[in-house]
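A structural walkthrough
The lines below spell out each chain.
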Amino acid sequence: MSVIYKEGREPHPREHRVVFKNIDREGWDPSIEMYMSEGGYDQLNKALTLKPGEVTDEVKKAGLRGRGGAGFPAGVKWGFIPPNNEKPVYLICNADESEPGTFKDRYIIHQDPHQLIEGMVISCFAVGANLAYIYIREEFPEGALILEKAIEEAHKKGFLGKDIQGSGFDLEIYVHRGAGAYICGEETGLIESLEGKRPYPRIKPPYFPAAMGLYLCPTIVNNVETLCHVKHIMKIGSEAWSQTGKPNNTGTRILCVSGDVKKPGYYEVQVGHVTMGELINDICGGLKEGRELKAVIPGGSSAKVLRAGETFKIGRGDDEKEISIWDIPMDFDSLAACGSMAGSGGVIVIDDSRSISWVLNNINNFYAHESCGQCTPCREGSLWMKKITDRLVAGKASPSDIDTLDSVARNIDGRTICAFGEAASWPTESFVAKFRDELIADTDPELEGVVVNAETLTAAANL
Amino acid sequence: MSFEVPSDLENEIDKRITHYPVSKRSAVLPVLHALQHHFGYLSEESVEWTAAKLELEPIKVLEVVTFYPGFRQEAPGKYHIRVCRTLSCAMAGSYELMESLCDKAGIDRSGITHRNPIAVSPDGKFSIEFAECLASCGTGPVCLVGDDFHETVSDVDSLLSQYP
């Protein structure tokens, strides 16, 4: 069956669709019949003929890095389950998709749920899990129903349940809905939430999920897109799969572009094969008419901002070169070398019509609202940062407030149980470092040393 | 009004609890979701009922209700609207969307608090709150009306008219 996409929803020629092959496809539906008509679940059957360790080895060899944010190699993560383990092993699909700027898992869940389920069953087989959960954010109510229907269909066809396809392998998958908290995207917070508690992240060590996760048993938590890739690694083999992308940044990934471009959307590309400039100007149709680039947040709102006009050093030794924002290859290592991160693949483009103070204030509002409150620096600091930028956008901040803002951020970073502390402080740290003059321009020198009035205090406290 | 969980709802809840063979406590979120879906919000009775059902102290349920933004302790309107407030949607006009939705539905948000961020129209038909990132940043501004998702919302009149 040839692949035809809906009119106006055709992939860009620079795309390389693997996981998103069936997204926006003409005549495609999320049923198991449709999925099986194109070889669906064949890779599961193939995996079941292998030893679990052989599947893990394939994923390791492919170099698949987690698509949820941290970019940690999935196969290595699986390998952290203690070899002498006698406890049950669990697998959780992280479908919390909560990092601002990210909107890829939504489409997989709604339009191609069986791809995810097949990827999960193969992964569960590899790690020896007989019980798995899909932790889906509460704000995807339709997605939860679609997944439950897909699970039921897979059950009826014998791809789930007892003795899957006569292999002796048993697996149940259940859908678990979150309740609107960003922190549940953090894997240990997610686990607490799945245990029916407030999602306070656990400290690592000792609570590395692969050793002590759900119910203190070995637990593998992987993102939706990561689990989908497992199926494709099975299909073409780790060797061929790792030929896409580039070394240490293998495969394809979905970049989600939002903000000030002509064609925001999701684009699956080979990792590192497009530059920021190609992504913005070619794939996304460029900036809006008459506008110039001001900044890009390249990997979800937690990623450090990149300023237009900045130069970055990438490569090592003789390969080292200085590049502009336009020439940054969109891969894990290059974005890290540029001082930011590929994160969750959410690219937010900001043009010169935007006030930097307003953008930072919006981000600070998010983190102040979403801090779980467990660690003092983060609970207090995220709110202080929000209060300062609240004043900044209201024209009631003094120039020294910008130093205070930076100091608050630097007192969160590295002082919390989980990475939310970094997520909350990196935007402020990088905005202050790169846009100090613009932030200062929004302050009022006459307010230096003046105590903010009671009205502002009340407004700021009223989250 | 007396608090009563209909038997079909209780059956559905009992079935959900079986999804957690290791620990019944894991079913706190799904039980609360089922109750909130039925009653519109989570009353003290809902908390106590959940606690009894799962053999927990009520505080173990209440602490969950008060933590998660997805759980409400006050009654919303007949149709509850959640407008995405986060960056990409805000850049696409979600604050303006919030303003015009409130304007058309006659909702006054001046009394909202951190504990109860929901404002209800005087006729009780619509209620509204801001939500953080709804994960559709490419099609902002977006909102949820009940369980219905709406993207690139520009015509507020036609959006509200879908809800009689």
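Structure's up top.
These remarks concern the structure in this document. (Residues numbered from 1 in each chain as written. Chains lettered and ligands numbered in written order. Predicted model: local features only at pLDDT ≥ 70, side-chain atom pairs only at ≥ 80, totals over all residues. Heavy atoms only, no water.)

Burial analysis of helix α8 (residues 187–194) of chain A places eight of its eight residues in the buried class, which makes it a mostly covered element. Turning to α8 of chain A, its buried residues number three or more, namely Glu-187, Thr-188, Gly-189, Leu-190, Ile-191, Glu-192, Ser-193 and Leu-194 of chain A. On the buried face of α8 of chain A, the contacting elements are α4 (74–79), β1 (89–95), β2 (129–136), β3 (172–177) and β4 (219–223) of chain A together with α2 (28–39) of chain B. Gly-196 of chain A sits one or two residues past α8 of chain A and shows a positive phi near 90 degrees. (Buried < 20%, exposed > 50% of the residue type's maximum accessible area, 1.4 Å probe, protein only. Helix = DSSP H or I, 4+ residues; strand = E, 2+ residues; numbered from the N terminus. Contact = heavy atoms within 4.5 Å.)

The probe, sized like a water molecule, is rolled over the atoms to show the empty space still left. All chains considered together, the criterion is met by two cavities of 30 Å³ or more. Within this model, the largest cavity holds a volume of roughly 70 Å³. If you trace the largest cavity, you find 13 residues lining it, with Cys-372, Cys-375, Cys-378, Cys-418 and Phe-420 of chain A closest to the centre. Each residue belonging to the lining of the largest cavity can be placed in one class, and the counts come to eight nonpolar, five polar and no charged. Of the pockets and cavities examined, the second largest cavity occupies roughly 40 Å³. Along the walls of the second largest cavity sit Pro-100, Gly-101 and Ile-348 of chain A together with Cys-84, Thr-86, Leu-87, Ser-88, Cys-89, Cys-133 and Cys-137 of chain B, which together make up its complete lining. (1 Å grid on protein atoms, 1.4 Å probe; cavity = no way out; pocket = protein on both sides within 12 Å on 5 of 7 lines; lining within 4 Å. Points joined across faces, edges and corners; volume = space filled by probe spheres on them. Nonpolar A, V, L, I, M, F, W, Y, C, P; charged D, E, K, R; others polar.)

What follows covers the interface of chain A and chain B. It is common to report an interface's size as the accessible area lost on association of the parts. Each partner contributes residues to the interface: chain A has 59 residues there, and chain B has 44 residues. Overall, the association of chain A and chain B removes approximately 4,000 Å² of surface from exposure, summing both partners, and the carbon and sulfur fraction of that is 58%. Contact with chain B buries area across many residues of chain A, yet Ala-179, Arg-198 and Asn-362 of chain A alone supply 15% of it, more than any other trio. Joining chain A to chain B, the criterion identifies two salt bridges. Among the ionic pairs, Arg-16 of chain B bridges to Glu-148 of chain A, the shortest N-O distance being 2.7 Å. Counting across the interface, chain A meets chain B through 19 residue pairs in polar contact (both at pLDDT 80 or more). Contributing elements (two or more residues each) for the side of chain A that touches chain B: α5 (105–111), β2, α7 (141–156), β3, α8, β7 (252–259), β13 (346–351) and α12 (356–370) of chain A. With eight residues, the single largest contributor to the side of chain A that touches chain B is α12 of chain A. Of the residues assigned to the side of chain A that touches chain B, the class counts are 31 nonpolar, 14 polar and 14 charged. (Buried area = accessible area lost by both parts, 1.4 Å probe. Salt bridge = Lys/Arg side-chain N within 4 Å of Asp/Glu carboxyl O. Polar contact = N/O pair within 3.5 Å; in protein donor to acceptor, adjacent residues only side chain to side chain.)

As a further point, take the packing of aromatic side chains. Residue and element names in this part refer to chain A. If you walk through the whole model with that rule in mind, you get 23 aromatic pairs over all chains. Seen in terms of ring centroids, Phe-72 and Phe-80 are 5.9 Å apart; in terms of plane orientation they differ by 40 degrees. Their pairing is tilted. Residue classification places Phe-72 among the partly exposed residues on the basis of a relative accessible area of 39%. Each ring, one from Phe-125 and one from Phe-169, has its centre 5.4 Å from the other, and the planes form 75 degrees; the classification is edge-to-face. One end of the pair, Phe-125, is in helix α6 (residues 113–127); the other, Phe-169, is in the loop between α7 and β3, with 44 residues separating them in the sequence. Like Phe-169, Phe-125 is buried. Ring pairs connect the aromatic residues Tyr-182, Phe-366, Tyr-367 and Phe-420, which therefore count as one cluster. Its guanidinium or amino end placed over the ring of Tyr-5, Arg-17 lies 5.5 Å from that ring's centre, counting from NZ or CZ. (Phe/Tyr/Trp six-rings, centres within 6.5 Å; stacked < 30°, edge-to-face > 60°. Lys NZ or Arg CZ within 6 Å of the ring centre and 35° of its normal.)

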